[in-house]
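# Observations on chain architecture
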Amino acid sequence: MGHYDRSQILPSSLFFPKNCSPLSATQVSSKGFGQSRVLGYLFANSTIHQVPCIVAMQEDNTKLRIPHVLTVAGSDSGAGAGIQADLKACAARGVYCSTVITAVTAQNTIGVQGVNMVPEDFVAEQLKSVLSDMNVDIVKTGMLPSIGIVKVLHHCLKQFPVRALVVDPVMVSTSGDVLAGPSILAGFREDLFPMADIVTPNLKEASALLGGVQLETVDDMRSAAKSIHDMGPRNVLVKGGDLASSLDAVDIFFDGDNFYELRSPRVRTRNTHGTGCTLASCIAAELAKGSLMLSAVKVAKRYVGSALDYSKDIAIGNGLQGPFDHLLKLKSNVHNSCRPQVFDPSDLFLYAVTDSGMNKKWGRSITDAVKAAIEGGATIVQLREKEAETRDFLESAKACVEICRAYGVPLLINDRIDIALACDADGVHVGQSDTPASIARTLLGPEKIIGVSCKTPEQAHQAWVDGADYIGCGGVYSTNTKANNITVGLEGLKAVCLSSKLPVVAIGGIGVSNARAVMEIGVAALKGVAVVSAFFDRESVLNETRKLHALLKETTSSVK
Ligand SMILES: Nc1ncnc2c1ncn2[C@@H]1O[C@H](COP(=O)(O)OP(=O)(O)OP(=O)(O)O)[C@@H](O)[C@H]1O
Ligand SMILES: Cc1ncc(CO)c(N)n1
Ligand SMILES: [Mg+2]
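About the criteria used
- Residues numbered from 1 in each chain as written.
- Chains lettered and ligands numbered in written order.
- Predicted model: local features only at pLDDT ≥ 70, side-chain atom pairs only at ≥ 80, totals over all residues.
- Heavy atoms only, no water.
- Near = heavy atom within 4 Å.
- Polar contact = N/O pair within 3.5 Å; in protein donor to acceptor, adjacent residues only side chain to side chain.
- Areas by Shrake-Rupley, 256 points an atom, 1.4 Å probe, with all protein chains shown as cover.
- Helix = DSSP H or I, 4+ residues; strand = E, 2+ residues; numbered from the N terminus.
- Nonpolar A, V, L, I, M, F, W, Y, C, P; charged D, E, K, R; others polar.
- 1 Å grid on protein atoms, 1.4 Å probe; cavity = no way out; pocket = protein on both sides within 12 Å on 5 of 7 lines; lining within 4 Å.
- Points joined across faces, edges and corners; volume = space filled by probe spheres on them.
- Salt bridge = Lys/Arg side-chain N within 4 Å of Asp/Glu carboxyl O.
- Buried < 20%, exposed > 50% of the residue type's maximum accessible area, 1.4 Å probe, protein only.
- UniProt positions renumbered as here; feature names shortened; annotations may be inferred.

## Digging into the site of ligand 1
Taken together, 19 residues form the shell around ligand 1, and within it Lys239, Asp251, Val267, Thr275 and Lys301 come nearest. In the environment of ligand 1, an oxygen atom lies 3.4 Å from a nitrogen or oxygen atom belonging to the backbone of Thr272. Note that an oxygen atom of ligand 1 is positioned 2.9 Å from one of the side-chain N or O atoms of Thr275. Here ligand 1 loses 94% of its free accessible area of 630 Å² to cover by the protein chains. Broken down by secondary-structure element, the contributors of at least two residues to the shell around ligand 1 are strand 11 (248-254), helix 7 (275-289) and helix 8 (293-310). No other element matches the 4 residues that helix 7 contributes to the shell around ligand 1. In terms of residue class, the shell around ligand 1 is built from 7 nonpolar, 7 polar and 5 charged.

See below:
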């Protein structure tokens, strides 16, 4: 709403600077807020718009207020653009998004098959509902299908001012379908642009706004940005996603004084439907968090670029322009489709744990070791590479992920949550002195597998509380793999298994000579054995794994 300037939203936007105690701020009122007692509200007026920015504080000083974008746009049934893109973009950027729907479209990856406008007075009713109640920070507009709807929006924004207005002047979809006719141009120019903090036309829209001039080069985009700036918005971003002559995706940002040429490599993909809506929503989201305009635009462009790159090969629909994946989640489902996502305790049956020292000694690569173990019958693999350089480890881990996925065997990383995240492993195994399982769970999310090494029932209980999926218990027998490792013996193993709510895999000095004795303790929680030396400190990993696999099969059928 003109002059968006972070410094006007005191103090330091929505967030308290480290050196400013929230409790020392003006305490205006004390009211209940949800379940928690709020100590006060802090009102800070934007000097130009007199928009109160309200920060609610709880007794423990945590802030309840979250950044909020309202999108005023059309629904896309294919969900790649419009309201649906805006919701996903805001969710991905960690901002709340409310929605005022201006039109319902029937569209897919082929084009727009139909448009049904929402009556003006009902757009007004939605706007009033949200703006009068929900502490909107930023309004972002997309498809505004009639001049009447533009007028309604203009009126509501005067009545309920917000911190900033982002206008994506949607007119023509990339498929070439008209989403708002030329009559809308007057509404943009007269009502919305003068109050807009940024306007983000694509090439066709910029051309339409300027009476149909041809825009074919980056220089043309600069002149267009300047001419559109003359129509009143604080900032203009002319988007060059559709600039055929450029290998890069070039956008021109103009703030009235300076031009900024924002370039990123053009992602080769058909999945670009909704890039414009997403970019504008992401700009709005960053502004809602308190970013300056140019930073918001840069972050938004990077976000769109990464999402396109991530989604370049996904296949949804048969048309020329597919949607992309705002939340960067779909691809991992494709990779995992040969294997259910949930952890299956029977995977602990024959657990192979690699050791870099042993691989070096026998002149094997990690990948060869892993492949041989799986071919011999290992049902889960853990990479335990204590000495490897991070960069090398990551490369090997990525290769092992591919191998394990192909065989449908889960791959875990010992200790290194960073490596597990970077190679998209199935999970981690942590020891008592590594990152606590509860933190590993927060970092890895709800689906990844987490195992914890435990020697006692107390540790096993804690692993359960922390959200682990299984525990490794040992050393059952003494081993050279771990220095100064206390041996728990079969008795210790049994005690842990009897108390554990989680499935258990036994580890430590286990091989063909003693695996039967381990499994014969006969406690239901014990699902299998984990092996390091008896596989990897041997000439043939494949043969040793096969032998133990056969023995375990025999043992478990006789134990039952
Ligand atoms: N293939 C691509 N690779 C990288 N960035 C791209 C690509 N296509 C578009 N972009 C970027 O996406 C943003 C949106 O630009 P674009 O010109 O496609 O908007 P639009 O035509 O309004 O989008 P749509 O109508 O599909 O929602 C810009 O920052 C642009 O540079
Ligand atoms: C509803 C809607 N808004 C915007 C666009 C522009 O991509 C679209 N295709 N559909
Ligand atoms: Mg486009």
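Having seen the structure, we can now continue with the description.
## A look at the layout of surface pockets
The calculated volume of the largest pocket comes to roughly 1,000 Å³. In terms of lining, the largest pocket is formed by 47 residues, of which the most central are Gly241, Asp242, Thr272, Thr275 and Gly276. Elements that contribute at least two residues to the lining of the largest pocket include exactly strand 4 (68-76), strand 5 (96-107), helix 5 (203-209), strand 11, strand 12 (259-265), helix 7 and helix 8. At 6 residues, the largest contribution of residues to the lining of the largest pocket is made by helix 8.

## Concerning the pattern of salt bridges
Counted under the stated rule, the structure contains 23 salt bridges. Residue Arg263 is joined to Glu261 by a salt bridge in which the shortest nitrogen-to-oxygen separation is 2.9 Å. Arg263 sits in the partly exposed class, given a relative accessible area of 44%. Using a relative accessible area of 33% as the deciding quantity, one classes Glu261 as partly exposed.

## Structural notes on the site of ligand 2
Surveying the vicinity of ligand 2 reveals the residues Gly74, Ser75, Ala81, Gly82, Gln107, Met143, Val170, Ser173, Leu179, His273 and Cys277. Residue Gln107 places a side-chain N or O atom 2.8 Å away from a nitrogen atom belonging to ligand 2. Bound to the protein, ligand 2 loses 93% of the 290 Å² it would expose on its own. Taken together, the residues of the shell around ligand 2 sort by class into 5 nonpolar, 6 polar and no charged.

## Details of the UniProt feature "domain: Pyridoxamine kinase/Phosphomethylpyrimidine kinase" (unreviewed entry) in the protein
The UniProt entry lists residues 76-319 under the feature "domain: Pyridoxamine kinase/Phosphomethylpyrimidine kinase" (unreviewed entry), expressed in the numbering used here. Helix and strand shares over residues 76-319 are 40% and 20% respectively, and the end C-alpha atoms of the span are 15 Å apart.

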